[in-house]
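# A closer look at the structure
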Amino acid sequence: MNFNIQDLSGTFSTFDIVVSLTLSFVLSAIIGWVYRLTHKNVSYSQSYVQTLVTVGMVISLIMLVVGSNVARAFALVGALSVVRFRNAIKETRDVGFIFLVMAIGMATGTRFYVLAIAATFAICLVMVVMSKFNWFKLDVQRQVVKVQVPPDADYTDLVEDVLIKYCKEFELVSTESVRSGALTELYYTAQLRSGKKPGELIAALSEVNTGQRVSVLTGYDQTDI
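Because the structure is predicted, anything quoted here is derived from the model rather than measured.

### Thoughts on the overall build of the protein
Within the protein, the regular secondary structure consists of 7 helices and 5 strands. Helices and strands in the protein line up, N terminus first, as α-α-α-α-α-β-α-β-β-α-β-β. For the protein, the residues scored as buried account for 32% of the 225 residues in total. Long-range contacts, defined here as pairs at least 24 residues apart, represent 70% of the contacts in the protein between residues at least 6 apart. Of the roughly 14600 Å² of accessible surface on the protein, 62% is carried by carbon and sulfur atoms.

This is the structure in structure tokens:
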């Protein structure tokens, strides 16, 4: 039996491998540090940042393997199509960083080194500037108001009269029956009028809902009674 084993590593040199993987690591690490620097919420994950660096290097390796061979590219697409990711992305900006490290990995793997370096620093600079100067912030703070009332339409009217007085605008999101139908729970999104406080709204709602539960949720801070 005749075995013909062909080594295809000659399509790229050892220098190409070292430079591509090293550069993808350095640039992906820079992206990871920028992500850490610009992250503002409580959902920061060290594992996610480490994964960013790993993804950049893996994509670089994949591009070295694929090269300009169309058959390998289609084989790779078929192999990766069976992969299923169960973890949900917590923030939309996280998706952007994933695509960024993938693009940098593709650039280093195809040996567009200058492009990879320039793109990393340009895009990271944009991310830092947007974070530092808080670009595109919308200064509209909305609240979620949850009120429990007896199952009578008159109480709903009373609640909405209070919301008209204390809120610039509001919208009924849902109505649910609780405690086996003994109470109705109303969910509103609302924007308080200037100078009005959540505590004042709660006190006013408590006067018209027969002392049932009232909650006002603002961002991550909840006022409840």
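After that view, the rundown keeps rolling.
### Considering the UniProt feature "transmembrane region" (unreviewed entry) in the protein
In this numbering, the UniProt entry assigns the feature "transmembrane region" (unreviewed entry) to residues 12-35, 55-83, 95-113 and 119-136. For residues 12-35, the helix share is 92%, the strand share is 0%, and the end-to-end C-alpha distance is 32 Å. Secondary structure content for residues 95-113 is 84% helix and 0% strand, while the C-alpha to C-alpha distance between its ends is 23 Å.

### Quick notes on a negative patch on the surface
On the surface, Asp152, Asp154, Asp157 and Asp161 cluster together into a negatively charged patch. Its relative accessible area of 37% is what places Asp152 among the partly exposed residues.

### Details of unusual backbone geometry
Residue Arg111 is not a glycine yet carries a positive backbone phi of 70°. Positionally, Arg111 belongs in the loop between α4 (92-109) and α5 (113-132). The partly exposed category is assigned to Arg111, whose relative accessible area is 33%. Residue Asn134 is not a glycine yet carries a positive backbone phi of 55°. By the secondary structure assignment, Asn134 is in the loop between α5 and β1 (143-149).

### Things to note about the pairing of strand β3 (residues 183-192)
In terms of residue burial, β3 counts as a mostly covered element, since 8 of its 10 residues are buried. Of the strand pairs in this sheet, β1 and β3 are connected by 7 bridges, and their pairing is antiparallel. Bridged to Lys146 within β3 is Tyr187. Across 10 bridges, the pairing between strand β2 (residues 167-178) and β3 is antiparallel.

### Structural notes on the packing of aromatic side chains
Under the defined criterion, the tally for this structure stands at 5 aromatic pairs. Measuring from centroid to centroid gives 5.9 Å for Phe170 and Tyr188, while their planes differ by 70°, and the two rings are edge-to-face. Of this pair, Phe170 sits in strand β2 while Tyr188 sits in strand β3, and the two are 18 residues apart along the sequence. Using a relative accessible area of 0% as the deciding quantity, one classes Tyr188 as buried.

### Remarks on the nonpolar core
In this structure, Val145, Val147, Val159, Val162, Leu163, Leu201 and Leu205 are the most contacted members of the largest nonpolar core, which totals 19 residues. Those residues in contact with Val145, other than ones at most four positions away along the chain, are Leu163, Leu186, Tyr187, Tyr188, Ala190, Leu201, Leu205, Ser215 and Val216. Leu23, Tyr35, Leu52 and Leu100 belong to the second largest nonpolar core, which has 17 residues in total.

### Considering the side chain of Asp16
Structurally, the position occupied by Asp16 is in helix α1 (residues 14-38). Of note is the side chain of Asp16, whose polar atom sits 3.2 Å from the side chain of Arg111.

### Remarks on the pairing of strand β4 (residues 214-218)
In terms of residue burial, β4 counts as a mostly covered element, since 4 of its 5 residues are buried. As defined by bridge partners, β1 adjoins β4 across 5 bridges and the pair is classed as antiparallel. Bridge assignment links Val147 to a residue of β4, and that residue is Val214.

### Remarks on the pattern of salt bridges
Once their charged atoms are close, side chains differing in charge can pair, the charge on each being opposite to the other. On inspection of all chains with the given rule, the structure shows 1 salt bridge. Between Asp16 and Arg111 there is a salt bridge; the shortest N-O distance is 3.2 Å. Note that Asp16 is positioned in helix α1 and Arg111 in the loop between α4 and α5, a separation of 95 residues in sequence.

Quick notes on the rules
Residues numbered from 1 in each chain as written. Predicted model: local features only at pLDDT ≥ 70, side-chain atom pairs only at ≥ 80, totals over all residues. Heavy atoms only, no water. Helix = DSSP H or I, 4+ residues; strand = E, 2+ residues; numbered from the N terminus. Buried < 20%, exposed > 50% of the residue type's maximum accessible area, 1.4 Å probe, protein only. Contact = heavy atoms within 4.5 Å. Areas by Shrake-Rupley, 256 points an atom, 1.4 Å probe, with all protein chains shown as cover. UniProt positions renumbered as here; feature names shortened; annotations may be inferred. Patch = residues over 30% accessible without salt bridge, like charges linked within 9 Å, V, L, I, M, F, W, Y side chains within 5 Å. Salt bridge = Lys/Arg side-chain N within 4 Å of Asp/Glu carboxyl O. Lys, Arg positive; Asp, Glu negative; His and termini not counted. Charge placed at Lys NZ, Arg CZ, Asp CG, Glu CD. Pairing = 2+ DSSP bridges. Phe/Tyr/Trp six-rings, centres within 6.5 Å; stacked < 30°, edge-to-face > 60°. Core = buried A, V, L, I, M, F, W, Y, C linked by side-chain atoms within 4.5 Å. Polar contact = N/O pair within 3.5 Å; in protein donor to acceptor, adjacent residues only side chain to side chain.

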